[in-house]
Amino acid sequence: AQSLRALAQRHGLYIGTAVDMDALADPADPRYRELAGSEFSTVTAENAMKWESLEPTRGTYNWGPADELVEFARQHGQRVRGHVLVWHNQLPAWLTEGVADGSIDKAELRRILRDHVTAVVRHFKGRIWQWDVVNEAVSDPWDTPSTLHYKGFWAEHLGPGYIADAFRWARAADPKALLFYNDYNIEAFGSGNPADDKTQFVYEMARDLRARGVPIDGVGSQGHLGTQYGNYDTLQVAAALRRFAGLGLATAFTEVDVRSQLTPGVQAGDSAEINPRLQASAANFSTLLRACLAERHCLSFTLWGFTDRHSWVPDWFENPPEGLATAYDEDYRPKRAYQEMKADLIFS
Ligand code: G3I
C-alpha cells in the first residue's frame, strides 16, 4: 500500500508529524521510527527545539536531540519544520525566574530574546524549511478579559513589538527559511464559532506585519480539534486559509490531532464507546486535509504525533479523560482517520 507521503507528493503537499525524540530513540519501539520515516515527508520536533530543551542553563546549548531529528530527516529525505523560537511555554527556569526576581530587566530580556532567535536559527541554517517564529501570541475569546489581546510572557514583559522583532531577527539569521506565525483556534472563518474572532485578529495582525514590511512568510494553523465540539466544514476551513493567502502568505496545518472525551472506566476495546468517536475524529482530519488540498498555498499538513501510543492528549486532559486523537492506535494499527486521509489524497 502507498504511504501518506507518496500520495501527498502527487499533490505537491508535504505530510508531516511531530516527533517525540525519546520514542524515536527507543530500541524497544522500532515501529515508531519506521513509520516516522516512511509515512511522512516533513517532521517537527515535539519538544526538542523548545527553549527549555535547547538552553536549559544560560549560555549552554544542548543541540543533541534536535540535531538528531534534523539528521533523521536528512536520511529519510524529509523537510523540517522548526518549532519554536518564541513562545511563552517551556521556557527555561533561569529565564522566567530571572525576570520574576528582577535580575533580568526589560532591555536585557530583549537582548536575550534576540540572541536566542539568532543562535538557534543560525545553528540550523539551511536545514529548516519553515520556522514557527512566534507561537500562540493571541488570547482566546473565552479568556479574561474576553477582548482579544496579545497574551503571555513576552507581551507582558516586552509589549507586542517583540513579534515584529523576532521575525526580523530570524530573517537575518537564515534568509531562506520560511517564517511562520503559528496558532490554534484559527482553523476556520465564518463558522459562527467564537474562534472566528481569533482568526480575524490573527488575520489583522498578519496584514499589519505585511504592511509594515515585517518578514513573515506564512501562517500555521495548528488544528487541535475535539469531537465534543461543533465541527467545522471544509468551506469554512478553506475560507480561513484563503484569507491568509490573500495577504500573500503561505499556510500550513502544523499540529493536527482530533481528540475525544472518554467515559471514565470504559475499556479501550469497547467498540460501542469507541467507534463513533473514531468516525467523528476521522471526519475532522478529513475536513482539514481537504481544505488544505483545495488551497494551493497550503504547503504542508503536519500531525501532532501519529500514534495514540505517544500523544500529548491523555497527559494533558485527564478529567474527563481524553484520547484517541491520532491516526494510529497504541499498537500502530491505522485507524479510520488514517484511511480517511488516504482516501482524500487519492480522490482529491
Ligand atoms: O522533560 C520532562 C521529563 O524529564 C519528565 O520525565 C516528564 C515527566 O512528566 O516530563 C517531561 O516534560 C514534559 C514534556 O512535554 C516532554 O515530554 C512536560 O512535563 C510536558 O508539559 C510537555 O508537554 C508538551 C507541551 O507542548 C507543553 O507545552 C507536549 O509534549 C507537546 O506535545 C505540547 O506541544 C504543544 C505545541 O508545542 C504548541 N501547540 C500546542 C501543543 C500541545 O499542547
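- The protein chain is annotated in an unreviewed UniProt entry as Beta-xylanase from Micromonospora maritima.
- In its Catalytic activity (unreviewed entry) section, UniProt records this for the protein chain: "Endohydrolysis of (1->4)-beta-D-xylosidic linkages in xylans."
- Regarding the protein chain, the UniProt comment filed under Sequence similarities (unreviewed entry) reads as follows: "Belongs to the glycosyl hydrolase 10 (cellulase F) family."

## Brief notes about the overall build of the protein chain
Here's step 1: Helix and strand counts for the protein chain come out as 14 helices and 10 strands.
Here's step 2: By the compact-globule yardstick of 20 Å for 348 residues, the protein chain fits well, its C-alpha radius of gyration being 20 Å.
Here's step 3: Looking at the protein chain residue by residue over its 348 residues, the buried ones come to 43%.

## Here we look at helix α12 (residues 271–294)
Here's step 1: For α12, built from 24 residues, the straight-helix expectation of 34 Å at 1.5 Å per residue is met to within 8% by its first-to-last C-alpha distance of 33 Å.
Here's step 2: Residues of α12 that are buried: Arg 277, Ser 281, Ala 282, Asn 284, Phe 285, Thr 287, Leu 288, Leu 289, Arg 290, Ala 291 and Cys 292.

## Comments concerning the pairing of strand β8 (residues 250–261)
Here's step 1: In terms of burial, β8 is a largely internal element, 11 of the 12 residues being buried.
Here's step 2: Here strand β6 (residues 218–221) pairs with β8 via four bridges, running parallel. Bridged to Ser 221 within β8 is Phe 253.
Here's step 3: By the bridge criterion, three bridges tie strand β7 (residues 224–226) to β8 in an arrangement that is parallel. Paired with Leu 225 across the strands is Val 258, a residue of β8.
Here's step 4: Sheet analysis places β8 next to strand β9 (residues 298–303), joined by three bridges and oriented parallel. Residue pairing across strands places Val 256 opposite Leu 303, the latter belonging to β9.
Here's step 5: The sheet contact formed by β8 and strand β10 (residues 322–323) spans two bridges and is antiparallel. Its bridge partner lying in β10, Gln 261 is registered against Glu 322.

## Section: unusual backbone geometry
Here's step 1: Here the residue pair His 83 and Val 84 is connected by a cis peptide bond, since its omega of 20 degrees sits within 30 degrees of zero.
Here's step 2: Assignment of secondary structure puts Val 84 in strand β3 (residues 79–86).
Here's step 3: In this structure, the amide linkage connecting Thr 144 to the following residue, Pro 145, adopts the cis form with an omega of -10 degrees.
Here's step 4: Mapping Pro 145 onto the fold places it in the loop between β4 (130–135) and α8 (152–158).
Here's step 5: The backbone of Tyr 332 shows a phi angle near 65 degrees, a positive value even though the residue is not glycine.

## Here we look at the environment of Gly 190
Here's step 1: By the secondary structure assignment, Gly 190 is in the loop between β5 (178–183) and α10 (195–211).
Here's step 2: Residue classification places Gly 190 among the partly exposed positions, given that 15 C-beta atoms sit within 10 Å.
Here's step 3: Sequence separation between Gly 190 and Gln 236 is 46 residues, and the spatial gap between their C-alpha atoms is 5.9 Å.
Here's step 4: When sequence neighbours within four positions are dropped, the list of residues in contact with Gly 190 reads Asp 196, Gln 236 and Ala 239.

## What to know about the nonpolar core
Here's step 1: If you look at the biggest cluster of nonpolar residues, it comprises 91 residues, and the most contacted ones within it are Val 86, Val 117, Val 133, Ala 166 and Ala 170.
Here's step 2: For this core, the element with the highest residue contribution is helix α9 (residues 162–173), accounting for seven residues.
Here's step 3: With residues near it in sequence (within four places) discarded, Val 117 still touches Leu 85, Val 86, Ala 166, Trp 169, Ala 170 and Ala 173.

What counts, and at which threshold
- Numbering of residues starts from 1 in every chain and runs along the sequence as written.
- Reporting in this predicted model follows two pLDDT cut-offs: at least 70 for local features of residues, and 80 or more for side-chain atom pairs to be given and counted; totals over whole chains, interfaces and linings ignore these cut-offs and use all residues.
- UniProt positions are given in the numbering used here, feature names are shortened, and annotations may be inferred rather than shown by experiment.
- Labels follow the DSSP assignment, with helices taken as runs of H or I lasting at least four residues and strands as runs of E lasting at least two, numbered in each case from the N terminus.
- Two things to know: the radius of gyration comes from C-alpha atoms, and the globule rule equals 2.2 Å times the number of residues to the power 0.38.
- Neighbour density around each residue's C-beta defines its exposure: 20 or more other C-beta atoms within 10 Å make it buried, 12 or fewer make it exposed, and counts between make it partly exposed, where C-beta atoms are placed from the backbone.
- Here the expected span of a helix is defined as 1.5 Å times the quantity of residues minus one.
- In this description, strands pair whenever DSSP reports at least two bridges between them.
- A residue pair is marked as a contact if its C-beta atoms, positioned from the backbone, fall within 7 Å.
- Joined through C-beta atoms within 7 Å, a set of buried Ala, Val, Leu, Ile, Met, Phe, Trp, Tyr and Cys residues constitutes a nonpolar core.

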